[in-house]
Amino acid sequence: MRWSHIPQQQCALIFRSLLRRCARASALRPGEQLHAAATVAGILSSPSHFLLNAVLHLYCACSLPSHARKLFDQIPHSHKDSVDYTALIRCSHPLDSLRFFLQMRRRALPVDAVAFVCALGACARLGDSNLVHQMHVGVVKFGFLRDTKVCNGVMDGYVKCGLVGEAKRVFGEIEEPSVVSWTVLLEGVVKWEGVESGRVVFDGMPARNEVAWTVMIKGYVGSGFTREAFWLLREMVFGNQQGLGLAKKTSFLQRGELRFKSPREEVITFSVQQCLEQKEIAFDNQRELGLANEASLPQRGELRFESLQGEVFSFNTRQCFEQDCFRKKISEGNQIKEEMVFGCGFGFGLNCVTLCSVLSACSQSGDVSVGRWVHCYAVKAVGWDLGVMVGTSLVDMYAKCGRISAALMVFRHMPRRNVVAWNAMLGGLAMHGMGKVVVEMFGCMVEEVKPDAVTFLALLSACSHSGLVEQGWQYFHDLECVYGVRPEIEHYACMVDLLGRAGRLEEAEVLVRKMPIPPNEVVLGSLLGACYAHGKLRLGEKIMRELVQMDPLNTEYHILLSNMYALCGKVNKANSLRKVLKNRGIRKVPGMSSIYVDGQLHRFIAGDKSHPRTADIYTKLDDMIYKLRLAGYVPNTNCQVLFGCSNGDDCMEALEEVEQVLFTHSEKLALCFGLMNTPSGSPLCIFKNLRICQDCHSAIKIASDIYKREIVVRDRYRFHNFNQGSCSCSDYW
């Protein structure tokens, strides 16, 4: 279009109007084209046209703070107002946002409620209670305490800082709390005071939105209350007896299946057993899983997998799901419109954000039963194409819950995959120690999307857990020169871990000393862990001195070094270091193992006797230890270091207790409970908050063969898949 025949003032007005429309729609591409056209037309340089302001708002709306900042600096102070500052505060990094807020105050520009809400959001993201307090004072000073949205921002800031009491006080001062006010309070109570206290707030809410339901369900899932989460999901989707009365009966038919009966006697069944578990038969262990890379899509909606025995498994997902897909008919005059929704017309539907939030909670807690339910619910609602966000969340959930085969199936069937989806898949495979599969899949990834920094973290982590040292070095060298990704400190930490696991500590130390940025706790902690694994005490002491300067209260590094002293025969030094920790009041984080049985989470610590079935568990433990010994199990007493021995005789007496201590480690207690309460031959999944010890690793390997079980253990760093007496890590961990 030619603009020369249009008066400049009118031309600027047209551009400004179009740019504002692009900003409202966050339409970056047409906005950039308008920006270029205005520059060529020569009307951008005049401040009086306010076109720079309009372009500034466009880039802010599209979350491009660096572009917006450049334009902001070009605008004269006389042509900047509060709206421009507020737009920049909303999209910038939290610290930059607060700087812009201070600049706005220094220029004596009027501060409205929107500016305060944006500034409070920045304080909340930083999690700095002092900043929230100062901003709260400003809210009082400027008379915004009657503004509910501003008070919600203050509450959110306090909640993010863990100051629930302050948030409750602000909530009590709001004349008419909105549903958002209640939801912010609910989030804080659930997070910091527990789901029981949160449920009291939830039940007292005069109105609930989707966010409130999601917060409560996430809380239940994250705390291990699976049944309560299912009941709340039922009520959210189908309503309740006091309201619509549409969900009269709920029953658990089998693991992963829920049944709802509506007043019209229609039975709606969400069964993941039929739709997922039978597919896992195709490759239900890690040796067969590698063949899933050969999965193909011969026709729309159908998956085919070939097992080691040459059997072909074909699953037609369209036939399985489409016939049950929920549809909602909306009458509009004489026309009937049919649309796909995340719900069935009763209560609230589960939208994309809710689904992703619940799946994220499942990923963190390891609760695959709720995750499977959500998966089947979504597929029944909209079909197999769930979108990139939900698909990626499912991949992440299945991978972190130990069902890597299901994660791979979901990933393979996603019609659209971005770099985030690929990263989730590669990261999941890396956690399961499948480094070679990750390396092969990376070749496919670069043909589809451009890898980013997170991609290489997954790659280097996979190489580290699988002992692929040379491949890891190659990826690290190619990071910037080939893929244009600048190495960050996390990449250096992965490389140090890779070299340390392989016993190449000299190379790891040289890499740390040559880093262009100072090493942090993660880098040095990885090097210290390698020193412990390979018995390098002198280097470990040197690294420990640096770590103490960074974080003197971190117990992990002190415990690690004290264990190194003990294993090297320097018991006095080990005892001395432990006494220093005790005198400072620093306590070690206790090891805890968890297992889901019949939809309930059961937690155990070492030597735990608090469980209601303690007597049965220890009887099973004695029987298991007896069978393990017959199969060749020998307790690894190096894994359990006892302190406080003043002489050799005392130590000899103390060592007699070591084996009994090893037998009652939390992993073994969780394993016994799972063996007692699950069908013979069914898989078990145990979650450990710390690294699994060598003795438990050896014992569970043998147990998987004795009891003919697949046992998956997720520890702090990775997955161990035990099957038929071997582990997926190949004892390289």
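Our structure's up above, just so we're on the same page.
What comes next is a walk through the structure. (Residues numbered from 1 in each chain as written. Predicted model: local features only at pLDDT ≥ 70, side-chain atom pairs only at ≥ 80, totals over all residues. Heavy atoms only, no water.)

Details of the overall build of the chain
Of regular secondary structure, the chain possesses 36 helices and 13 strands. With 733 residues in all, the chain has 51% of them scored as buried. For the chain, contacts bridging at least 24 residues in sequence account for 61% of all contacts bridging at least 6. For the chain, the computed accessible surface area is about 34,800 Å², with 51% contributed by carbon and sulfur atoms. (Helix = DSSP H or I, 4+ residues; strand = E, 2+ residues; numbered from the N terminus. Buried < 20%, exposed > 50% of the residue type's maximum accessible area, 1.4 Å probe, protein only. Contact = heavy atoms within 4.5 Å. Areas by Shrake-Rupley, 256 points an atom, 1.4 Å probe, with all protein chains shown as cover.)

A word on unusual backbone geometry
Trans peptide bonds make up most of the peptide bonds, and negative phi angles are found at most residues other than glycine. Phi at Ser26 takes a positive value of approximately 50 degrees, unusual for a residue other than glycine. By the element assignment, Ser26 lies in the loop between helix H1 (8–24) and helix H2 (28–41). Positive phi values are uncommon outside glycine, yet Ala108 reaches one of about 60 degrees. With respect to the helices and strands, the residue Ala108 is situated in the loop between helix H6 (94–106) and helix H7 (113–126). A relative accessible area of 61% places Ala108 in the exposed class.

Brief notes about the pattern of salt bridges
A complete count under the given rule lists 23 salt bridges for this structure. A salt bridge links Arg416 to Asp385; its shortest N-O distance comes to 3.2 Å. One end of the pair, Arg416, is in the loop between helix H21 (404–412) and helix H22 (419–431); the other, Asp385, is in the loop between helix H19 (368–382) and helix H20 (388–400), and 31 residues separate them in sequence. For Asp385, a relative accessible area of 32% translates into the label partly exposed. Taking the shortest distance from any N to any O, the salt bridge between Lys688 and Glu667 comes out at 2.9 Å. Taken as a pair, Lys688 in strand E10 (residues 684–688) and Glu667 in helix H35 (residues 666–677) lie far apart in primary sequence, 21 residues in all. Both residues of the pair, Lys688 and Glu667, belong to the buried class. A network of salt bridges, in which partner residues are shared, links Glu166, Arg169 and Glu173. (Salt bridge = Lys/Arg side-chain N within 4 Å of Asp/Glu carboxyl O.)

Looking at helix H36 (residues 694–706)
End to end, H36 covers 19 Å across 13 residues, agreeing with the expected 18 Å (1.5 Å per residue, within 8%). By the burial criterion, the buried members of H36 are Asp695, Cys696, His697, Ala699, Ile700, Lys701, Ala703 and Ser704. Contact partners of the buried residues in H36: helix H32 (614–630), helix H34 (658–663), H35, strand E11 (711–714), strand E12 (719–723) and strand E13 (726–727). In the segment just after H36, Lys708 is the residue with positive phi, at about 55 degrees. (Expected span 1.5 Å × (residues − 1).)

Here's the deal with the pairing of strand E8 (residues 592–597)
When you tally the buried positions in E8, you get 5 out of 6 residues, the bulk of the element. Summarising the sheet, E8 and strand E9 (residues 600–605) pair through 6 bridges and their orientation is antiparallel. Among the inter-strand pairings, Ile595 is bridged to a residue of E9, identified as His602. Hairpin connection between E8 and E9: a loop of 2 residues separates the two successive antiparallel strands, and Asp598 in this loop has a positive phi of roughly 55 degrees. Bridge count for E8 against E10 is 3 bridges, and the pairing is antiparallel. Note that in E10 the partner of Ile595 across the bridge is Ile686. (Pairing = 2+ DSSP bridges.)

What to know about the packing of aromatic side chains
Summed over all chains, the structure comprises 20 aromatic pairs. A centroid spacing of 5.2 Å and a plane angle of 80 degrees characterise the contact between Phe202 and Trp213, whose relative ring orientation is edge-to-face. One end of the pair, Phe202, is in helix H12 (residues 195–204); the other, Trp213, is in helix H13 (residues 210–222), with 11 residues separating them in the sequence. In terms of burial, Phe202 and Trp213 fall into one category: buried. Between the aromatic rings of Trp473 and Phe476, the centroid separation amounts to 6.2 Å while the plane-to-plane angle is 75 degrees, which identifies the pairing as edge-to-face. Taken as a pair, Trp473 and Phe476 lie in helix H25 (residues 469–481) at a separation of 3 residues, close to a single helical turn. We classify Trp473 as buried; its relative accessible area is 16%. By relative accessible area, which is 10% here, Phe476 ends up buried. The structure contains a cluster of three or more aromatic residues connected by ring pairs, namely Phe101, Phe116, Phe142 and Phe144. Note that Arg208 overlies the ring of Trp213, its terminal NZ or CZ placed 5.4 Å from the centroid. Over the aromatic face of Tyr618 sits the side chain of Lys609, whose NZ or CZ is 5.6 Å from the ring centroid. (Phe/Tyr/Trp six-rings, centres within 6.5 Å; stacked < 30°, edge-to-face > 60°. Lys NZ or Arg CZ within 6 Å of the ring centre and 35° of its normal.)

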